[in-house]
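# Coordinates in review
Now for the letters of each chain:
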Amino acid sequence: MLGTNSPSKRSKDSIMLTYQQIEKFQLIYKEVVGEEISKEDALLQGAKLVRLMEIIYQPSNNTQQLSQPTEISNEKELSSKN
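Worth saying up front: this structure is predicted, and the values here are computed from it rather than measured. (Residues numbered from 1 in each chain as written. Predicted model: local features only at pLDDT ≥ 70, side-chain atom pairs only at ≥ 80, totals over all residues. Heavy atoms only, no water.)

Within the protein chain, the secondary structure is distributed over four helices and zero strands. Helices (α) and strands (β) of the protein chain occur, in sequence order from the N terminus, as α-α-α-α. Classification of the 82 residues of the protein chain by burial places 16% in the buried group. Relative to all contacts within the protein chain whose residues are 6 or more apart in sequence, the contacts with residues 24 or more apart total 26%. Roughly 7500 Å² of accessible area belongs to the protein chain as shown, and the carbon and sulfur atoms make up 53% of that amount. (Helix = DSSP H or I, 4+ residues; strand = E, 2+ residues; numbered from the N terminus. Buried < 20%, exposed > 50% of the residue type's maximum accessible area, 1.4 Å probe, protein only. Contact = heavy atoms within 4.5 Å. Areas by Shrake-Rupley, 256 points an atom, 1.4 Å probe, with all protein chains shown as cover.)

And the structure:
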């Protein structure tokens with residue numbers, strides 16, 4: 001079933017795209033691949049792409065720790081040497 005123009009609603013295992021998103025995917029696909037794609041194929045491939053991006057961009061504890069600034073513990077030692 002194709003989505004509507006309303007925001008996508010989905011359960012844990014299914015991804016719904018709006019008609020607008022499907023049409024945009026079709027345009028991008030044609031520009032990149034040089035072939036047209038059906039709405040049904042665009043929905044399937046677009047949903048797979050969204051799921052892949054969710055997996056790739058899922059934050060992990062290591063990523064969160066790396067993004068936080070760390071204090072330099074040797075700051076006093078460095079300033080006393082100068």
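Let us keep going from here.
Before going further, it helps to examine the nonpolar core. Ile15, Leu17, Ile22, Phe25, Ile37, Ala42, Leu43 and Ala47 form the largest nonpolar core, which has eight residues in total. At the level of elements, helix H1 (19-33) and helix H2 (39-56) are the ones that each hand at least two residues to this core. With three residues, H2 is the largest single contributor of residues to this core. (Core = buried A, V, L, I, M, F, W, Y, C linked by side-chain atoms within 4.5 Å.)

The next thing to look at is the confidence of the model for the protein chain. Per-chain confidence: the protein chain averages 76 in pLDDT, with 57% of residues scoring 70 or above. Ranking the elements of the protein chain by mean pLDDT puts helix H4 (residues 75-81) last with 54 and H1 first with 97. Every residue in residues 1-12 scores below 50 in pLDDT, and together they form 27 contacts with partners more than four places removed in sequence or on other chains. (pLDDT = per-residue confidence, 0-100.)

Interaxial distance between H1 and H2 falls to 9 Å at its minimum, and their mutual angle equals 90°. Judged by the inter-axis angle, H1 sits roughly perpendicular to H2. Contacts between H1 and H2 involve Ile22, Glu23, Phe25, Gln26 and Tyr29 on the former and, on the latter, Lys39, Ala42, Leu43, Gln45, Gly46 and Leu49. In terms of residue class, the contact of H1 with H2 is made up of six nonpolar, three polar and two charged. (Axes fitted to C-alpha atoms, helices over the stretch in contact; angles between N-to-C directions. Parallel < 35°, antiparallel > 145°, perpendicular 65-115°, else oblique. Nonpolar A, V, L, I, M, F, W, Y, C, P; charged D, E, K, R; others polar.)

On to the side chain of Gln26, then. Locating Gln26 in the fold gives a position in helix H1. Looking at Gln26, its side chain comes within polar contact range of the main-chain oxygen of Ile37, at 2.7 Å. Ignoring anything within four residues of it in the chain, the contact list for Gln26 reads Ile37, Ser38, Lys39 and Ala42. (Polar contact = N/O pair within 3.5 Å; in protein donor to acceptor, adjacent residues only side chain to side chain.)

A cluster of nonpolar side chains, contributed by Leu49, Leu52, Met53, Ile56 and Tyr57, occupies part of the molecular surface with about 510 Å² of accessible area. Assignment of secondary structure puts Ile56 in helix H2. (Patch = residues over 30% accessible without salt bridge, like charges linked within 9 Å, V, L, I, M, F, W, Y side chains within 5 Å. Salt bridge = Lys/Arg side-chain N within 4 Å of Asp/Glu carboxyl O.)

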